[in-house]
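# Coordinate inspection notes
In case you want the letters, here they are:
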Amino acid sequence: MDYFLLLLTSMLASNYFHLWRGVGAQQGFTIRDISISLEPGSDVTRGTNVTVRCQALVSSSGTDTLSREYTIYKDGITVYTKTIGSPDDLLYRLPDARVSNTGKYKCKINIEGRTMTSETKKLTVTGLSTPQLHFNKGVVSEGEELTARCSAPGETGSIIFYFYDDSKEILEERVNSNLSEVKLHFSSVGIHKLSCSYTILVTPYYFKSNKSQPLTLSVKELFIMPVLEIFPNNNIYEGDRLDILCTIRNPVYNSGQVRLYLSRGTQLLSRGDTNVNHSMIALAKDSEEFECRLEMGNVIKVDTKKVPVTELFSVPTLTMFPREVFQKDNMTLTCRSNSYASERLHRDKLTYSLDPPGSLVIPKSTGVFFVKALLYDFNYTCTAQAKGIRKHSKPLTVRPKVTVSAPRIAVVGRAVLGRPFKVLCRSDIGSLPINYTLFKEYDQLSTASVKLPFEQALFTVTIDQPDEINKFMCEAKNSRKEAPLSKRLDAAVVVPLSHPVLTVIPNLPEIAEGDHVHMVCGVKGTPPITFKWYYDGNDQPVFTTTSDKNNTDYQIQALSKEQGGTYYCEAINYANNVVRSAPVIIEVRLALWKKALIVGFCLLVVSVLVVVCVLCFRSKRGKREAAAELSVKPSSPKSDDSLTVSLTRDTEVYNEAPGKVDRVDISVWSERPPQPMTRRAAWCPMSLTWSTPKWCILSKQTTPELHREKARKQFTANSRTPHLALLTVTIMVPWSTLI
């Protein structure tokens, strides 16, 4: 047990020690810079020892040396990689530099995953070695094979070699070494001067060397020749027989290696080993060259001859009359050879035929044929024949013209009364050119010629009455035949709009609130017509409609007071002229029930006013009668005549006698007779107080008894009112004393 604990303690201590050492071994670093340099320079000549130096500047916190991995690139391709454990520079040496070392160099450093790349430096190496040419023999025969070798001493890379014969390039080969070996053959006899050169490819550049020293090569002739013979060799006419012979002169070589070919132009006539024979009838086209060709390995020799053959008769020509024909018309086809060899051929021996023959072809004389034109295009050829020689003319295409059909006449667009419009005349079938003529009641107006398929016969006319449209006709003509005439022009005429009128239903003076109003807009002109109604002050129409009639209406259901105002309408048709009606002012009156309500209300108000006035009048009259607080008796007054005076809390009597004194009767006797009330008495108040003027008390229109009775009633009413403490005092005084 103790041993196990000791072992466990030792292991934990060991792990702790290694962990501490690993943590302590880590050190920080940074790559500050990396640069590349070319020594002795960036431009050097061939053979110079060049060193590419890669220098890195690294800062670290520890003393241990960092492992550095360097990579050298040339034109983006890795050319050298090395890992070093010291801060020394990386050197990449190029001993004895060549042109192939030319390029752009850069280097990269990698330390524990951190990288940095330097800038690019370009190295240029100039100068190429002189190429050297060698071949295995200096004398060869025609077609014999020669081995030539061209080398570029000391050069590397991708090289293209060129071989020259007397400054003429004869071969090119691309290799990845500095040596090229080729096989050459020479067919021309004599002295040849051979040389070579090369080009080194360094993408994207190339460097070309000088030519090598020329070497002399002698090429000897092989004494073997092809021979071409033609019988007869002169004064040859068409129809004569030609015998052609192709043979070998000096056949000293193995015949198995020799081949002969006889040809005329591109046509191979015959072939063989030692001789070739061919027989044929001479034709004018045989004036081309005949060729006898000898091939022996790489040796090719040729003998050619041209045989002049006189034409027995020329190629016929086929013509037609007339030059233009219509379907099923008669025409004449003529076949003729313009020339013939009279010393060998009589004209009567020359015969002609028309191809294809048929029932519609009628021969008239030698080379002349009557033919009826077909309904479609057709090709004719003719053949001239004599002494077994047949010659064919070029095809003649007969295109029968189609007679024009009766034209159709129509209006382009719309015919508007009083305005220019276009009339189109067109035939469904007919060969061009076609002449169209426009008539008006058989009076010729104008003519138009249609020569191309896309052209049209258009005429500009103007009419003043709608029925004039039916007077126009047109004629179409493309031949000497009678020209067909079209039907009369039948088209709708658009009459421009005029006389716009806006009518309101019901009549304007009868329009009231809640009415169903119709605004009828009517015009003169051709429908369909687009109507628009406008409300004054609004740019947008309140209603728009299109009608096939000359009038239509805009309806307002349950007209309101706000919808009153100025209205007008506009109309437009296909003539595109806008007409506007005169404005109509709609005044919306009150509804009948509102008028009745107002009249009833007014009568009620008048009735109330009358009742109020009557009541007021009666009230004022009663108050005037009760206003006299003092009654004046006649000359013989009774003992109970009195004058009633009403006193309030503000009167002296009330203030001086606050006790239970309710009324004081004072009788005043006077011998004066009663007098009528003066004018001033009419303005007296209904209730009399101590401050009432004396002339109001002395009214003569009321008797003293009446005054006393009303004074009592006034006092009783006032005494029963809790809000007014009134004191009525009846004072009986004589009339004379008051006066």
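Everything below is about the structure printed above this text.
These numbers come from a predicted model, not from an experiment.

### Considering the overall build of the protein chain
- Across its full length, the protein chain holds six helices and 53 strands.
- Per-residue burial over the protein chain gives 38% buried out of 739 residues.
- In the protein chain, the proportion of contacts linking residues at least 24 apart, taken out of those at least 6 apart, comes to 63%.
- With the model as given, the accessible surface of the protein chain reaches about 43500 Å², and the carbon-plus-sulfur share is 53%.

### Description of the environment of Leu 438
- If you trace the backbone, Leu 438 turns up in strand 39 (residues 434-440).
- Its relative accessible area of 1% is what places Leu 438 among the buried residues.
- Sequence-wise, Leu 438 and Glu 475 are 37 residues apart; in three dimensions their C-alpha atoms are separated by 6.5 Å.
- Ignoring sequence-local partners within four residues, the contact set of Leu 438 consists of Ile 409, Val 423, Asp 443, Gln 444, Leu 445, Ser 446, Phe 459, Val 461, Phe 472, Met 473 and Cys 474.

### Focus: the packing of aromatic side chains
- One pass over the structure, following the stated rule, counts 10 aromatic pairs.
- Geometrically, the ring pair formed by Trp 533 and Phe 543 is tilted, given 5.6 Å between the ring centres and 40° between the ring planes. In this pair, Trp 533 is assigned in strand 46 (residues 529-535) and Phe 543 in strand 47 (residues 543-547), connecting sequence segments 10 residues apart.
- Members of the aromatic cluster, connected to one another through ring pairs, are Phe 531, Trp 533, Phe 543 and Tyr 554.

### Concerning the sheet that holds strand 10 (residues 132-135)
- Reading across the sheet, the three strands line up as 10-12-15 and stay open at both edges, with antiparallel pairing between neighbours. Two strands bound the open sheet, and with one partner strand each, they are strand 10 and strand 15 (179-185). Neighbour-to-neighbour, the strand axes of this sheet turn through a mean angle of 25°, independent of strand direction.
- Where strand 12 (residues 145-151) lies against strand 15, seven bridges are found, and the strand directions are antiparallel. The residue of strand 15 that forms the bridge with Arg 149 is Glu 181.

### Remarks on the state of the cysteines
- Overall, the coordinates contain six disulfides when judged by the stated rule.
- Linked covalently through their sulfurs, Cys 54 and Cys 107 form a disulfide whose S-S length is 2.1 Å. Measuring handedness by torsion sign, the sulfur bridge of Cys 54 and Cys 107 sits at about 80° and is right-handed. Taken together, the residues Cys 54 in strand 3 (residues 50-60) and Cys 107 in strand 7 (residues 103-111) connect sequence positions 53 residues apart. Each of the two residues, Cys 54 as well as Cys 107, counts as buried.
- A disulfide bridge connects Cys 521 with Cys 569, and the sulfur atoms are separated by 2.0 Å. Its S-S torsion of about 70° marks the bond between Cys 521 and Cys 569 as right-handed, since a negative value means left-handed.

### Focus: the pairing of strand 40 (residues 443-450)
- Relative to strand 40, strand 39 runs antiparallel, the two sharing seven bridges. The residue of strand 40 that forms the bridge with Asn 435 is Ser 449.

### Some remarks on the nonpolar core
- Ranked by internal contacts, the top residues of the largest apolar core, which has 26 residues, are Phe 313, Leu 318, Leu 333, Leu 354, Val 371 and Tyr 380.
- A per-element tally of this core places strand 33 (residues 378-386) first, with four residues.
- Setting aside chain neighbours within four positions, we find Val 371 in contact with Asp 329, Asn 330, Met 331, Leu 333, Leu 354, Leu 360, Val 361 and Tyr 380.

### Focus on a nonpolar patch on the surface
- Judged by side-chain polarity, Phe 601, Val 605 and Leu 609 come together as a nonpolar surface patch covering roughly 280 Å² of accessible area.
- Within the secondary structure, Phe 601 is located in helix 2 (residues 592-626).
- On the accessibility criterion, Phe 601 (54% relative accessible area) is exposed.

### Observations concerning the pattern of salt bridges
- A full pass over the atoms with the stated rule returns 21 salt bridges.
- Residues joined by salt bridges that share partners form a network here, namely Glu 39, Arg 53 and Asp 89.

### Observations regarding the pairing of strand 16 (residues 190-202)
- Pairing of strand 13 (residues 158-165) with strand 16 involves eight bridges; the strand directions are antiparallel. Residue pairing in the sheet places Tyr 164 in a bridge with Ser 195 of strand 16.
- Alignment of strand 16 against strand 18 (residues 215-220), held across five bridges, turns out to be antiparallel. In the strand pairing of strand 18, Lys 193 is matched with Thr 216.
- Two elements, strand 16 and strand 17 (residues 205-208), share four bridges in a ladder whose sense is antiparallel. When the bridges of strand 17 are listed, Ile 200 appears paired with Phe 207.
- In this structure, the hairpin formed by strand 16 and strand 17 is closed by a connection of two residues.

### Details of the environment of Glu 229
- Residue placement: Glu 229 occurs in strand 19 (residues 225-231).
- Between the C-alpha atom of Glu 229 and that of Ile 244, which follows or precedes it by 15 residues, the distance is 5.8 Å.
- For Glu 229, the residues in contact, after removing those within four places along its chain, are Asp 243, Ile 244, Leu 245 and Lys 305.

### Details of the sheet that holds strand 22 (residues 258-264)
- In space, the four strands of this open sheet follow the order 23-22-25-26, with antiparallel pairing throughout. Looking at strand neighbours, the two that pair on one side only are strand 23 (267-272) and strand 26 (299-306), the edges of this open sheet. In this sheet, adjacent strand axes meet at a mean angle of 20° when their direction is disregarded.

### Overview of unusual backbone geometry
- Note the cis peptide between Leu 432 and Pro 433, where omega equals 0°.
- Relative to the helices and strands, Pro 433 is located in the loop between strand 38 (421-426) and strand 39.
- Cis geometry is found at the peptide bond from Pro 527 to Pro 528, where omega equals 5°.
- Mapped onto the fold, Pro 528 is located in the loop between strand 45 (517-524) and strand 46.
- Look at Asp 96: it is not a glycine, yet its phi comes out positive at around 55°.
- For Asp 96, the location among the structural elements is in the loop between strand 6 (90-94) and strand 7.
- Here the phi dihedral of Ala 558 falls at roughly 55°; this positive angle occurs in a residue that is not glycine.
- What makes Ala 558 exposed here is its relative accessible area of 52%.

### Remarks on the side chain of Ser 427
- Residue position: Ser 427 is located in the loop between strand 38 and strand 39.
- Reaching out from Ser 427, the side chain makes a polar contact with the backbone oxygen of Ser 405 at a distance of 3.0 Å.
- When residues no more than four places from it in sequence are discounted, the contact partners of Ser 427 are Val 404, Ser 405, Ala 406, Pro 407, Tyr 436 and Ala 476.

### Regarding the environment of Phe 223
- You can see Phe 223 is positioned in the loop between strand 18 and strand 19.
- With relative accessibility at 59%, the residue Phe 223 sits in the exposed group.
- The sequence separation of Phe 223 and Asn 250 amounts to 27 residues, and the corresponding C-alpha distance is 6.6 Å.
- Among all residues touching Phe 223, those that are not within four sequence positions of it are Arg 249 and Asn 250.

Reading the values: rules and limits
- Residues numbered from 1 in each chain as written.
- Predicted model: local features only at pLDDT ≥ 70, side-chain atom pairs only at ≥ 80, totals over all residues.
- Heavy atoms only, no water.
- Helix = DSSP H or I, 4+ residues; strand = E, 2+ residues; numbered from the N terminus.
- Buried < 20%, exposed > 50% of the residue type's maximum accessible area, 1.4 Å probe, protein only.
- Contact = heavy atoms within 4.5 Å.
- Areas by Shrake-Rupley, 256 points an atom, 1.4 Å probe, with all protein chains shown as cover.
- Phe/Tyr/Trp six-rings, centres within 6.5 Å; stacked < 30°, edge-to-face > 60°.
- Pairing = 2+ DSSP bridges.
- Axes fitted to C-alpha atoms, helices over the stretch in contact; angles between N-to-C directions.
- Disulfide = S-S within 2.5 Å.
- Core = buried A, V, L, I, M, F, W, Y, C linked by side-chain atoms within 4.5 Å.
- Patch = residues over 30% accessible without salt bridge, like charges linked within 9 Å, V, L, I, M, F, W, Y side chains within 5 Å.
- Salt bridge = Lys/Arg side-chain N within 4 Å of Asp/Glu carboxyl O.
- Polar contact = N/O pair within 3.5 Å; in protein donor to acceptor, adjacent residues only side chain to side chain.

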